[in-house]
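Examining the three-dimensional arrangement
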Amino acid sequence: QVQLVESGGGLVQAGGSLGLSCAASGRAFRSYAMGWFRQAPGKEREFVAAISRSGAITYYADSVKGRFTISRDNAKNTVYLQMNSLKPEDTAIYYCAAQGGAISYYTSNNPQLYDYWGQGTQVTVSS
């Protein structure tokens, strides 16, 4: 069992930056690949970024590539999402999720393959 708690959301102006954190409970954190997803009102949950168990491999949605950076600190059981050059269309609830085992390009962006989810944190970007 892994419990995930996101933090760091808030209100920011377009062009600004925001950093999210996701703290995981338990000793098995390094056994899980981690992902960030987001869901805007009236829209389906969409993939944002993912990172392998070691942190050596990352994947990004095209919409955030070059602006967002995912990272992890296995010693602190935490995964991060640094968001720069934010746009109003980035407004959503952001969720972190854990996927057991290795991750690939084909599994990283499928929310159904993730085993555990956090409660989400709101990010609002004003124009």
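Keep in mind that this is a model prediction, so the values were computed, not measured.

Of the two faces of strand β7 (residues 68-73), the one holding F68, I70 and R72 is buried and the one holding T69, S71 and D73 is not buried anywhere. Across six bridges, the pairing between β7 and strand β8 (residues 78-83) is antiparallel. Residue pairing in the sheet places S71 in a bridge with Y80 of β8. With antiparallel pairing between neighbouring strands as the criterion, β7 and β8 make up a hairpin whose turn holds four residues, including N77 at a positive phi of roughly 55°.

Next up on the list: the pattern of salt bridges. One pass over the full model with this rule turns up four salt bridges. Residue R38 is joined to E46 by a salt bridge in which the shortest nitrogen-to-oxygen separation is 2.6 Å. Residue R38 is classed as buried on the basis of its relative accessible area of 5%. Owing to a relative accessible area of 35%, E46 belongs among the partly exposed residues under this scheme. Across the pair D62 and K65 runs a salt bridge whose closest N-O atoms are separated by 3.2 Å. Take D62 and K65: they sit in the same class, and that class is exposed.

Strand order in the open sheet made by the four strands is β1-β3-β8-β7, with antiparallel pairing throughout. The open sheet has two free edges, formed respectively by β1 (4-7) and β7, since each of these has just one partner strand. In this sheet, neighbouring strand axes are inclined to one another by 15° on average, regardless of whether the strands run parallel or antiparallel.

What counts, and at which threshold
- Residues numbered from 1 in each chain as written.
- Predicted model: local features only at pLDDT ≥ 70, side-chain atom pairs only at ≥ 80, totals over all residues.
- Heavy atoms only, no water.
- Buried < 20%, exposed > 50% of the residue type's maximum accessible area, 1.4 Å probe, protein only.
- Helix = DSSP H or I, 4+ residues; strand = E, 2+ residues; numbered from the N terminus.
- Pairing = 2+ DSSP bridges.
- Salt bridge = Lys/Arg side-chain N within 4 Å of Asp/Glu carboxyl O.
- Axes fitted to C-alpha atoms, helices over the stretch in contact; angles between N-to-C directions.

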